[in-house]
Amino acid sequence: MSSNDKPNIALDLDAARAKLSRDGGERFWQSLGELAETKEYRNFLENEFPANAENNGAGAGINRRDILKLMAASTALAGLSACTKLPTEKIVPYVKPPEEIIPGKPLFYATSMPLAGVATGLLVESNMGRPTKIEGNPDHPGSLGGTDVFTQASVLTLYDPDRSKTVVLEGRISSWGAFLSAMGNVRGQLAPQGTGMRILTEAVTSPTLASQIQSLLKQFPAAKWHQYEPCGRDNEREGTRLAFGKPVNPVYRFDQADVIVSLDSNFLMSGPGHVRHARDFSRRRAIEGPDSTLNRLYVVETMPTSTGAMADHRLPLRAGEIEAFAGQLAAAIGGVNDGSRSAVPPDWTAAVARDLNRRRGKSLVIAGEEQPPSVHALAHAMNAALGNVGQTVYYTETLEASPVNGIESLRDLVNDLQSGQVEFLLILGGNPVYDAPADFDFGPALLKAKLRVHSGLYNDETAELCHWHVPAAHYLEAWGDSRAYDGTIGIIQPLIAPLYDGRSQHEIVAVLSGDAGKSGHDVVRDYWKGQRPEKDKAFETFWETSLHDGVMAKTALPPISVAPRADLAKQSAQPRGGDSSTLEIAFRSDPSAFDGRFANNAWLQELPKPITKLTWDNAAMVSVATAKKLGVTNGDYVTLKLDDPGAKKTREVKAGTWIVPGHADDSVTLHLGYGRRRAGDVGNGTGFNANFIRNSSAPRAHGRGSRARPRQVNLRCGNGLRHT
Amino acid sequence: MSQIFHHSTNLISRLSIYGGVFILGLLGFALYEIELSPWYTDQNVAREQPVPFSHKHHAGELGIDCRYCHTSVEKSSFAGVPPTQICMSCHSQIWTNAAMLEPVRASYRDDKSISWTRVNALPDFVYFDHSIHVSKGVGCTTCHGPIAEMPITWRAGTLYMSWCLECHRQPEKYVRPKSEVFNPNYEPPSNQLELGRKLVKQYKVQSLTNCTVCHR
């Protein structure tokens, strides 16, 4: 697509400002362009999506009017098609009808969709054996009948024709049988110790899969298990480790909180339990009787989010300065003595602290996943000081069977790969070649493993560099289990047999541990049969009930008692605060592509992102003041550079600018999940890959500003962004 | 100045005006007839099937209830075409060697569905639900015709919108007591209109003629 001949919708920010101050009072506007009402913008509106007209391949002669004429003509002509005989149709009934199916009536099954390890319970509509529509499971604590965009759109991924369809060996079509015999050889060669065997998974909360891998590790004691989740909970986990000395899982109860302070946390839209959080939060926003009290939400955030839009009081703040603010707030509450200074006006902080103190035991401080562990630790300390623990937040053992820091785990793997210690690497899901931090140089490192196996829904960037690729079964095609945000176990039951030659992770691990041929159903069921106190008949009842309900009753993890470490204050009293003379870069999971796994889902691509309304693209998002300071406007390309002293080189990406009113100044937000090379026909070539400048030392936010030094190069290539 | 047109032009123009009306009218009439002809509507055309199943024998002579095979007619939009298993529930006992039934046995043996030719098909832009019709006193034979007399099944109506509306506008002309809905030999009584009005009230039959009732 050429970008040079596109009209540039110049933004006149000064005009917009003048208009705002002149009009006074409340004025509602949808975009900066509308506010400024420049001539160019009006032309743009009149032409409505000139880019689309240009791209339809029929040449530049067709405009909107012509298209309307053509549409009218084709509608008239469509009437002619009624003058044909109806084609002969066939009715093909079952030979032996399955239980409960009434032709023409849908059935609903309970299952769960895990995302980054945490499950949302679903009720899936099935028409004649085909899953068609996904809604939330009212009995599941992580859903209560609600869903998010990812669960809604996941049914399209199931039917995605770009999904990988066959077992592939070195780029050629192979077979499951050949894979089985190859794995048999691997077992023979690596026995008895399993030296050089490595398994890389995403965050695993599935008790069955964890137990399978652990028994595999028992079989091969020298083998190692790594977990990496690009948009996972590393910071949160390390934050609890910092605060309590061991990783725990915080469970937030927004329905109990009168005052909520979000430290860059988008808890309504992302993170574990966000569907439930949104329900609980909104319930406290409805006046149902004379005794109803509304909650109050303070949000301090970098990039405007839906959570920020719900806030009663919102303060844009650089990601790197949120830590200082958290320290200041903690000091004001009186929980932790912190000497740090932040850019936040002291009276703002004092007001928030006063509000929190007034609602002791009924308030909540939550830190965002992208914030460093120290901010999480401060949030936990504040909750403890405010007496919120046990009221609005409680702690359980971790959801992950083996909680590890994903970045460090991947770093270990890369080090082993570099030193040539890896004989056999099994990558179960995930796409580290695409989404590993740039300084790991994961692709070249991966090639040093002697035998590489990848299993995933798509033959993606990682599959390309592996010897074997085994198509993964979609969650609607396979048996499994996973935990909700509070630990409740949900069985993942398939609604359809694998459309292609897909295998679940359970089946692949079973092959490695010598149980080849054991079905995913048997693996999951046998595990629970061994775990549950119910035996024989009672277990049958329990299993059937759990499948029907979508959750195993009373399996939520019990609250545990933890106390923040006393020396937390000293640790976090380090001088902090970014240097505002440099820009900082904040990385966020994309609201629609997530970490890139949904890049080939057209429903999600077409979905306008919250606040920015961008579709099919990501951008370098900056505030109005920063855009002015840099001299860039919407659609200008900027080059973001990251110096990598280790590799003695500078990495860079070119990104379109998008001005987001309400963004923190001197900060650039980049969404991950774009710039995919092997996503499929839908996702290929959309946006840019922000992972190119993501560093493992600060994978989610370059808070200090000094590490990432984006220099803007004003290329003025025109409107590089699609916008609705 | 000489005349531009020859004298005969008068005649030609007259003839072509009358002829135009007549020819166009004839063409319209022909199209109308074609549209209503069995060739176009498939009305009264017995369709060839993989097994020459006779409703006359099963529903008429043996008196098997419609719902024995069309199981979902009371519950679903789709009446249901019987799975092979239902055929075999009898034909594993009787006529077990009939050559005519070999496709049925083969289907059961090989677990391969029988592919029946659809007789009554509505276009996909029409929503139709069997269950609501049978529960409001519309009999099977009201739409499907004298099914107990069909050795091979044919389409009894045109399935045109005008055909649907005929009943939707005046349900009292067709509604029958619920107990008679599945009776293939039901004859409307002489006082149909009187009975129909009573039943329409009793069954709360609505005369639904809004476009979006069927074109959703």
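Position numbers for residues start from 1 in each chain and track the written sequence from start to end. Here every chain gets a letter starting at A, and every ligand a number starting at 1, in the order they are written. pLDDT decides what is reported in this predicted model: residues at 70 or higher carry local features, side-chain atom pairs at 80 or more are listed and counted, and totals for whole chains, interfaces and linings draw on all residues regardless. The basis for every side-chain value is the complete set of heavy atoms in the structure, and neither hydrogens nor water enter the calculation.

Overview of a nonpolar patch on the surface
Residues and elements named next belong to chain B.
Right, so step 1: On the surface, a nonpolar cluster with roughly 570 Å² of combined accessible area is contributed by Leu24, Leu27, Leu31, Ile34 and Trp39.
Right, so step 2: Numbering of helices and strands runs from the N terminus, with a helix taken as a DSSP run of H or I at least four residues long and a strand as a DSSP run of E at least two residues long. Counting residues per element, the nonpolar patch draws most heavily on helix H1 (residues 9-36), which supplies 4 residues.
Right, so step 3: Note that isoleucine 34 resides in helix H1.
Right, so step 4: Burial classes: relative accessible area under 20% of the type maximum marks a residue as buried, over 50% as exposed, and values in between as partly exposed (1.4 Å probe, protein chains only). Accessibility expressed as a relative area gives 40% for isoleucine 34, which makes it partly exposed. In this analysis, a patch consists of residues with relative accessible area above 30% that form no salt bridge, clustered at 9 Å for like charges and at 5 Å for the nonpolar side chains Val, Leu, Ile, Met, Phe, Trp and Tyr. Here the open area of atoms and residues is found with the Shrake-Rupley method and a 1.4 Å probe, where only the protein chains shown may cover a residue. For this document, the term salt bridge refers to a Lys or Arg side-chain nitrogen within 4 Å of an Asp or Glu carboxyl oxygen.

Observations concerning the nonpolar core
All names here are of chain A.
Right, so step 1: Among buried residues, those of type Ala, Val, Leu, Ile, Met, Phe, Trp, Tyr and Cys that are joined through side-chain atoms within 4.5 Å constitute a nonpolar core. Ranked by size, the top nonpolar core spans 41 residues in total, and within it Leu476, Leu640, Leu670 and Ile693 carry the most contacts.
Right, so step 2: Among the elements that line this core, the one with the most residues is helix H6 (residues 149-158), at 4 residues.
Right, so step 3: Ranked by size, the runner-up nonpolar core spans 28 residues in total, among them Phe179, Leu190, Val204 and Ala223.

Examining the interface of chain B and chain A
Right, so step 1: Chain B puts 26 residues into the contact, and the matching count from chain A is 19 residues.
Right, so step 2: When the two sides are added together, the surface that chain B and chain A hide from each other amounts to roughly 2100 Å², 58% of it contributed by carbon and sulfur.
Right, so step 3: Seen at the junction of chain B and chain A, the total is 1 salt bridge.
Right, so step 4: As a salt-bridge pair, A:Glu89 and B:Arg118 come within 3.8 Å of each other at their nearest N and O atoms.
Right, so step 5: We call two N or O atoms a polar contact when they sit within 3.5 Å, provided that within protein one can donate a hydrogen and the other can accept it, with sequence-adjacent residues counted only if both atoms are side-chain atoms. Along the contact surface separating chain B from chain A lie 10 residue pairs in polar contact (both at pLDDT 80 or more).
Right, so step 6: Among the elements of the structure, helix H2 (38-41), helix H5 (84-91), helix H6 (102-110) and strand S1 (116-117) of chain B are those that each provide at least two residues to the side of chain B that touches chain A.
Right, so step 7: Only Asp, Glu, Lys and Arg are considered charged in this grouping, and only Ala, Val, Leu, Ile, Met, Phe, Trp, Tyr, Cys and Pro are considered nonpolar; every other residue, Gly among them, is considered polar. Across the side of chain B that touches chain A, the residue classes break down as 11 nonpolar, 9 polar and 6 charged. Any two residues whose heavy atoms approach within 4.5 Å at even a single point are treated as in contact. The term buried area denotes the loss of accessible surface (1.4 Å probe radius) that occurs when two parts are joined, taken as the sum for both partners.

Topic: the packing of aromatic side chains
Residue and element names in this part refer to chain A.
Right, so step 1: Aromatic pairing here means that ring centres of Phe, Tyr or Trp (its six-membered ring) are within 6.5 Å. Orientation follows from the plane angle: under 30 degrees is stacked, over 60 is edge-to-face, and everything else is tilted. Per the counting criterion, the structure on display carries 15 aromatic pairs over all chains.
Right, so step 2: With 6.1 Å between their ring centres and 25 degrees between their planes, phenylalanine 539 and tryptophan 543 make a pair best called stacked. Of this pair, phenylalanine 539 and tryptophan 543 both sit in helix H21 (residues 536-549), 4 residues apart, roughly one helical turn.
Right, so step 3: Residue phenylalanine 539 is classed as buried on the basis of its relative accessible area of 0%.

Some remarks on the confidence of the model for chain A
Right, so step 1: Predicted confidence across chain A gives a mean pLDDT of 85, with 87% of residues reaching 70 or more.
Right, so step 2: For residues 1-8 of chain A, every residue scores under 50 in pLDDT, and the model assigns this stretch 16 contacts once sequence neighbours within four places are set aside. On a scale of 0 to 100, pLDDT captures the predictor's confidence in every residue.

Some words on the sheet that holds strand S16 (residues 451-456) of chain A
All names here are of chain A.
Right, so step 1: Any two strands with at least two DSSP bridges between them are considered paired. Strand order in the open sheet formed by 7 strands is S6-S5-S17-S16-S15-S7-S8, with mixed pairing between adjacent strands. Bordering the open sheet on either side are strand S6 (172-173) and strand S8 (224-227), each of which pairs with just one other strand.
Right, so step 2: Both strand S7 (residues 197-201) and S8 contribute to a ladder of 4 bridges, which runs parallel. Each residue of the ladder has a partner; that of leucine 200, found in S8, is histidine 226.
Right, so step 3: For every element, the axis is a line fit to its C-alpha atoms; helices are fit only across the contacting stretch, and the angle between N-to-C directions ranges from 0 to 180 degrees. On the sheet, helix H8 (residues 207-219) packs against S7 and S8 and is oriented at approximately 150 degrees with respect to S8.
Right, so step 4: Seen against the sheet, helix H15 (residues 406-418) touches S7, S8 and strand S15 (424-428) and runs at an angle of roughly 130 degrees to S8.

What to know about the packing of helix H12 (residues 322-333) of chain A against helix H13 (residues 346-358) of chain A
Residues and elements named next belong to chain A.
Right, so step 1: Interaxial distance between H12 and H13 falls to 9 Å at its minimum, and their mutual angle equals 50 degrees. In this view, H12 runs oblique relative to H13, as classed from their interaxial angle. As for how H12 packs across H13, the hand of that crossing is right-handed. Facing Phe325, Gln328, Leu329, Ala332 and Ile333 of H12, the residues of H13 in contact are Trp348, Thr349, Val352, Ala353, Leu356 and Asn357. With respect to orientation, any angle under 35 degrees is reported as roughly parallel, any angle over 145 as roughly antiparallel, any angle of 65 to 115 as roughly perpendicular, and every other angle as oblique. For a crossing to be left-handed, the near helix must be turned anticlockwise from the far one by less than a right angle; the clockwise case is right-handed.

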